[in-house]
There are 2 protein chains.
Amino acid sequence: MKEISSLMGYRKEIKLLDATLRDGGLVNDFYFTDEFVKALYDTNLKAGVDIMEFGYKADKDLFDEDKFGKWKFCKDEDIRAIVGEGDPKMQIAVMADVGRCNYHDDIIPKDESPIDIIRVATYLHTIPAAIDMIEDAVKKGYKTTCNIMAVSTGRESSVVTALDMIGQSPVDVIYIVDSYGSMYPEELQRLAAVFMEAADKYGKTIGIHAHNNQQLAFANTIEAIGDGANWADATYSGMGRGAGNCYMECMLGFLNNPKYKIFPAVRFIDKYIRELKENGVVWGYDTQYLFTGLYNQHPRSAIAYTHKGRTDLTEYYKEVMTED
Amino acid sequence: MKEISSLMGYRKEIKLLDATLRDGGLVNDFYFTDEFVKALYDTNLKAGVDIMEFGYKADKDLFDEDKFGKWKFCKDEDIRAIVGEGDPKMQIAVMADVGRCNYHDDIIPKDESPIDIIRVATYLHTIPAAIDMIEDAVKKGYKTTCNIMAVSTGRESSVVTALDMIGQSPVDVIYIVDSYGSMYPEELQRLAAVFMEAADKYGKTIGIHAHNNQQLAFANTIEAIGDGANWADATYSGMGRGAGNCYMECMLGFLNNPKYKIFPAVRFIDKYIRELKENGVVWGYDTQYLFTGLYNQHPRSAIAYTHKGRTDLTEYYKEVMTED
């Protein structure tokens, strides 16, 4: 049983990362207004959020700059336009996907950049490429995280091997990423124990990034924190791909470190998240996501169901269940 | 750590109770069409749900029959009209609130009634009255449950005393009811341990009824099951007062007893829950409920905010926070 003292007190090592622009950008192709992004940065500062993830460092040869908002590419000058010159008042992160980032060219030395943290997202079968990206970023002066996506579909022996490989890299934080929102807290607890063993062995920190397909993103995030994870991702009102993420406002209520404040989050939601929703941007738990979460599938068919405005839930369920 | 075998296998003792009409009735003043109720009964039968709660046995002197649908009162003949003559094909429950039920007159002997289970809802300060109702129902031949509401506001010493009193009564099942949706799974685990100790001592079963104010109704329900609770309440798409309840479809996905089927639930949601929502019936998690859950308050102010169609979230938060 977890220590009640941890629940009433706080662990100062815990860091809260706002992934609204990055995971939320997957919902609206990264078309956020500058006003939104500035208000988000200001909200994070006031709420005590430790790290703000701006978006992806996506390969401009692979993705057409005309088809996405600027946070798909996170040019240093665009981040500067938000955070100003000099050292930003909070840590700034961007995500770089294995195979989708021209990192040798697009990630410049840290001392010339407002970015602090490069988050390398990888599947279990691309760990060597992820380590190459981590080493490149560390050489340039960045902190790094390695986010192992779709971990619910990986064999435990592969996870252990991957952790052993990543553990020997210079990465700072290794993330559990339940991309499909398919894990129950009991399963997450077991997986977190495996990650924590590697963390102890190699002196790494563990992070958690949860999805809400089965309404368990917040529950799984606080489960992982109880299990020893010290970095937690969240987004305002859960904005993120498909069923979305762990809600930042729930985390700000849960964490007891006095530096965290919920009121700035309330004001941001009241104005900016409401505006997004009124403009028809759709994310969050709905029954179609339960199906893909439950059956440990990529949510792409549930996202397509949502975007097409389909309302034939029974037919969709049959499609999920009868696919060979 | 919970046994992985319990998660992959199943405990045959677990019973799933559909509270859609009862807790959902609090959203629409119990005005369900007969077609809805018949379809719900049929769905529960096909989905393998063990118990269907029809509504309240409310005191007709206290509540005006013209101002509520019939499931506020659950007359035996109204239940018969749904389930037919003879023994119903599943167990039928109704709820009787302490102080709001004329139980001596309105609850007839079980052998003349389609009802199997009387669920007595009580606060910690009305336990003797609850026990009187339990004894009355047991004498008449019913199974009984005692649902201790708003348990998150009770002192632990009072909970222990209450469990000792109820333990000595002839009740079958004692429910943990997180009425305010304010408990985190870690807290629920501790509370469940207290309930389980009484259950073991007095030979009782423990039940769980969770609310979704902090998006934790499903997580808390499966936490309690992992801790030994054998009766679990859920409603279709979480229909219930305010932020609603644990979603039945999530439970049907989680529980591995082969008798539980999710497909009938999908069809019911696709037609009947959709219709309710299209007709403007509103329930479910929203930011206003996070506030009352977080601060362990009755959700009445958040419900009023919702019903008035207010959109001034920041002002509402100030009201919650500045109330003396």
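A. Just the relation of the copies chain A and chain B, in detail. After a rotation of 180° and a shift along the axis of 0.0 Å, chain A superposes on chain B with an RMSD of 0.0 Å. The symmetry that links the two subunits is that of a two-fold axis. Across chain A, the smallest distance between a C-alpha and the rotation axis is recorded for A219(A), namely 3.1 Å. Comparing interface residues between copies, 100% of those in chain A also sit at the interface in chain B, which points to an isologous, same-surface contact.

B. Main features of the packing of helix α8 (residues 185–202) of chain B against helix α9 (residues 217–227) of chain B. All names here are of chain B. Interaxial distance between α8 and α9 falls to 9 Å at its minimum, and their mutual angle equals 40°. Judged by the sense of rotation from one axis to the other, the crossing of α8 with α9 is right-handed. On α9, the residues that touch P185, L188, Q189, A192 and M196 of α8 are A219, N220, E223, A224 and D227. Tallied by class, residues from the contact of α8 with α9 come to six nonpolar, two polar and two charged.

C. How the structure looks around helix α4 (residues 76–83) of chain A. Residues and elements named next belong to chain A. The buried fraction of α4 amounts to six of the eight residues, a majority that puts the element mostly inside the structure. Contact partners of the buried residues in α4: α3 (34–47), β2 (51–56) and β3 (91–97). Just beyond α4, the residue with positive phi is G84, at close to 80°.

D. Examining helix α7 (residues 156–167) of chain A more closely. Residues and elements named next belong to chain A. If you check α7, its first and last C-alpha atoms are 16 Å apart, about what twelve residues at 1.5 Å a residue would give, namely 16 Å. Taken together, the buried positions of α7 are occupied by V159, A162, L163, I166 and G167. For α7, the buried positions fall inside an angular range of 130° around the axis, keeping them on one side. Next to the buried residues of α7 lie α6 (127–139), β5 (143–148), β6 (173–178) and α8 (185–202).

E. Structural context of the pairing of β5(A). Residue and element names in this part refer to chain A. The buried fraction of β5 amounts to five of the six residues, a majority that puts the element mostly inside the structure. Bridge count for strand β4 (residues 117–122) against β5 is six bridges, and the pairing is parallel. The residue of β5 that forms the bridge with A121 is N147. Following the chain from β5 across α7 to the adjacent parallel β6, one finds a crossover that is right-handed.

F. Seen up close, the interface of chain A and chain B. Contacts between the two partners involve 43 residues from chain A and, on the opposite side, 43 residues from chain B. At the boundary of chain A with chain B, total buried surface from both sides reaches about 4000 Å², with 68% on carbon and sulfur atoms. Between the two partners, chain A and chain B, sit zero salt bridges. When its residues are assigned to classes, the side of chain A that touches chain B shows 24 nonpolar, eight polar and eleven charged.

G. Layout of the side chain of H211(A). Residue and element names in this part refer to chain A. Examined against the element boundaries, H211 turns out to sit in the loop between β7 (205–210) and α9 (217–227). Taking relative accessible area as the criterion, H211 reaches 7% and is therefore assigned buried. Within the local environment of H211, its side chain forms a polar contact with the backbone oxygen of G244, the two atoms lying 3.1 Å apart. A distance of 3.4 Å separates polar atoms of two side chains, one belonging to H211 and the other to N245. Apart from the residues lying within four places of it in its own chain, the contact partners of H211 are D23, D178, S179, G181, L216, A217, R241, G244 and N245.

H. Quick peek at the confidence of the model for chain A. In the predicted model, chain A carries a mean pLDDT of 96, and the fraction of residues at 70 or more is 99%. Reported for the predicted complex are a pTM of 0.96 and an ipTM of 0.95.

I. Focus on the sheet that holds strand β1 (residues 15–18) of chain A. Residues and elements named next belong to chain A. Taken in spatial order, the eight strands line up as β1-β2-β3-β4-β5-β6-β7-β8 and close into a barrel, and their pairing is parallel. The average angle at which neighbouring strand axes cross in this sheet is 25°, direction not considered. Set on the sheet, α3 makes contact with β1, β2 and β3; between it and β2 the angle comes to about 155°. Its contacts with the sheet place α8 against β5, β6 and β7, and it is angled at close to 165° to β6.

Rules used throughout
- Residues numbered from 1 in each chain as written.
- Chains lettered and ligands numbered in written order.
- Predicted model: local features only at pLDDT ≥ 70, side-chain atom pairs only at ≥ 80, totals over all residues.
- Heavy atoms only, no water.
- Least-squares fit on C-alpha atoms with pLDDT ≥ 70 in both.
- Contact = heavy atoms within 4.5 Å.
- Axes fitted to C-alpha atoms, helices over the stretch in contact; angles between N-to-C directions.
- Helix = DSSP H or I, 4+ residues; strand = E, 2+ residues; numbered from the N terminus.
- Left-handed = near helix turned anticlockwise from the far one by under 90°.
- Nonpolar A, V, L, I, M, F, W, Y, C, P; charged D, E, K, R; others polar.
- Buried < 20%, exposed > 50% of the residue type's maximum accessible area, 1.4 Å probe, protein only.
- Expected span 1.5 Å × (residues − 1).
- Arc of directions from axis to C-beta.
- Pairing = 2+ DSSP bridges.
- Right-handed = clockwise from strand over helix to strand, strands pointing away.
- Buried area = accessible area lost by both parts, 1.4 Å probe.
- Salt bridge = Lys/Arg side-chain N within 4 Å of Asp/Glu carboxyl O.
- Polar contact = N/O pair within 3.5 Å; in protein donor to acceptor, adjacent residues only side chain to side chain.
- pLDDT = per-residue confidence, 0-100.

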